[in-house]
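Letter by letter, the chains look like this.
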Amino acid sequence: MSNPIVQVRNLTKRFGDFTAVDNISFDIHKGEILGLLGPNGAGKTTTIHMLLGLITPSSGTIHMFGLDLAQHRETILQQVNFSSTYISMPFSLTVEENLKVVARLYSVKNMQQQVDSIIEKLEMEDIRTRLTRKLSSGQMSRLTLAKALMTEPKVLFLDEPTASLDPDIVDKIKAFLKEYQRNAGLSILYTSHNMREMEEMSNRIIFLQHGQIVAEGTADQIVQRYAQRDLEEVFLKLAREPKAQ
Amino acid sequence: MNVGRIGGLLSRHLYLYQRSFARMLEIFYWPFLDLVVWGFITMYLKDAGVSLHGAVAFFLGALILWDVLFRAQQGVAVSFLEEMWSRNLMNLFASPLTVGEYLVSTMIMSILKVTAVASLMMVFAWVFYSYDMLKIGFSLLPFILNLVLSGWIIGVLTTSIIMRFGQQAEVLAWGMVFLFQPISCVFYPLEVLPSWLQSIAWMVPPAHIFEGMRAVLVDGILPVTHIIWATGLNLFFLVAIVAWFYHTFNVCKEKGMLVRVGE
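Calculation notes
- Residues numbered from 1 in each chain as written.
- Chains lettered and ligands numbered in written order.
- Predicted model: local features only at pLDDT ≥ 70, side-chain atom pairs only at ≥ 80, totals over all residues.
- Heavy atoms only, no water.
- Helix = DSSP H or I, 4+ residues; strand = E, 2+ residues; numbered from the N terminus.
- Expected span 1.5 Å × (residues − 1).
- Buried < 20%, exposed > 50% of the residue type's maximum accessible area, 1.4 Å probe, protein only.
- Polar contact = N/O pair within 3.5 Å; in protein donor to acceptor, adjacent residues only side chain to side chain.
- Domains from an automatic or database assignment.
- Contact = heavy atoms within 4.5 Å.
- Buried area = accessible area lost by both parts, 1.4 Å probe.
- Salt bridge = Lys/Arg side-chain N within 4 Å of Asp/Glu carboxyl O.
- Pairing = 2+ DSSP bridges.

Attention now goes to helix 1 (residues 3-19) of chain B. Residues and elements named next belong to chain B. The end-to-end C-alpha distance of helix 1, which contains 17 residues, comes to 25 Å, matching closely the 24 Å that a straight helix rising 1.5 Å per residue would cover. Buried residues of helix 1: Arg5, Ile6, Gly8, Leu9, Leu10, Ser11, Arg12, His13, Tyr15, Leu16 and Tyr17, and no others. Residue Asn2 occupies the N-cap position of helix 1, its side-chain oxygen lying 2.8 Å from the main-chain nitrogen of Gly4.

See the structure below:
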């Protein structure tokens, strides 16, 4: 197997007495979609925030493209982006203005061309000049996805990108993401509470519980290992297990 | 330092200002009202025969210079609030933008604000009260530059506190600068302060500026000592406060507060 694009080793984050992420290690390879599964508070978002350099780990290392995030933040983040249902963008700017600001922050070449291209790909032409505060939740999700993809990242972190969206939009976003990922050879870390979506999107899944990795493998491997009917049953079984003392 | 990224963040604020009525009010309305009120007070004092050398210059000049300090501080602190209100901090600090580039862009933003507000106030003062501030001449330049530096210091201090303590501290963006107003001796000479407070005031760069401005008006000479003191103190405090901002930023990243600011 090729060298991993993302290499996480013994990553731990403590907030006082509470351990949000407890000594986890994993790799993401080029072109791979790694699913990060777990109940609320399992440490998924904290892990993504550490990978984005927004939270400093208590211990452990994060390497991307062979570089240490702690020492090469700018070089790494230039090639990384993220999207989440829970993030926002400046409300008083139009969709196009927001994308232009992001393009400048990431030093995107041919800015106008890239903005036009992503607007076309994500079918956002009708909302190009609309103020961000007037977007529906589905349109907002498309905007945050557009801002993440426009910079042509090599690694993408998607934190519940389809939460609270209607099935039609979810289906469109998933289809777009899969095609884009295939064409661009993008590596993705994907979190979701939707088991079917997770099975459909991910090449491999990591199950986090109480900040620890409790299961790892393909969806089929995990289902078989826990002798359950599907991933949802595995989720319920693992999520309801009390924390080992 | 990446100029493109600094320009990117700057463009985000310029987009905002071009269509925000509330933010335009900040530039036109409040400075204009300040000037009208202080202009009438000055006229009243003159009519009442209050003996004050260059009363108009004393008050209107001080008011315009105070606004330079106030707007320079706001340019830094309110820019951070804009990001907090729109929950955009995560987008910014998960991008390659560095803390230094962030600070530089807010400082440039503050220069743009100061330029707009001070120019307007000078024009208003000239039109309504026949007060030509430019008569102070080249002395004005070191005064203004030092007040901008002081504004940045208070702005970065305010931003650090808001970043550390969140929305509950956002009122400081408007209030913090007024904490320094009494000891900056904007509208009165430093000697009116009690002696113990005078010792503190001498450590505050704007006090040297306003004392210096009065010296120019009364004696017509540039008080080099005040300028040197103001510049020295400003540079010292600026380095210290920027270092403290970096420290606070790292503390917020360790405590996971950066992703929660504004919630």
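With the exception of glycine, most residues fall at negative phi, and the peptide bonds are largely trans. Residues and elements named next belong to chain B. You will see that Arg87, though not glycine, has its phi angle at about 50 degrees, which is positive. Within the element layout of this structure, Arg87 appears in the loop between helix 3 (55-85) and helix 4 (89-93). For Arg87, a relative accessible area of 43% puts it in the partly exposed group. Unlike most non-glycine residues, Cys185 shows phi in positive territory, near 50 degrees.

This brings us to the domain arrangement of chain A. A common way to report how large an interface is uses the accessible area buried once the components associate. Residues and elements named next belong to chain A. Taken domain by domain, chain A comprises domain 1 (1-79 + 154-192 + 203-227) and domain 2 (86-152). In this assembly, 16 residues from domain 1 lie in contact with 12 residues from domain 2. For the domain 1 face of the interface with domain 2, the top three residues by lost area are Gln78, Phe176 and Tyr180, together amounting to 41%. The interface formed by domain 1 and domain 2 contains 0 salt bridges. Where domain 1 packs against domain 2, one counts 2 residue pairs in polar contact (both at pLDDT 80 or more). Considering every element that reaches the side of domain 1 that touches domain 2, the biggest residue donor is helix 6 (residues 167-184), with 5 residues.

Residues and elements named next belong to chain A. A large share of strand 7 (residues 155-159) lies buried, amounting to 5 of its 5 residues. Burial along strand 7 is two-sided: the face carrying Val155, Phe157 and Asp159 and the face carrying Leu156 and Leu158 are both buried. Where strand 6 (residues 80-84) meets strand 7, 5 bridges bridge the pair, whose relative direction is parallel. In the sheet register, Ser83 faces strand 7, and the bridge partner there is Leu158. The sheet contact formed by strand 7 and strand 8 (residues 187-191) spans 5 bridges and is parallel. What sits directly across from Asp159, in strand 8, is Thr191.

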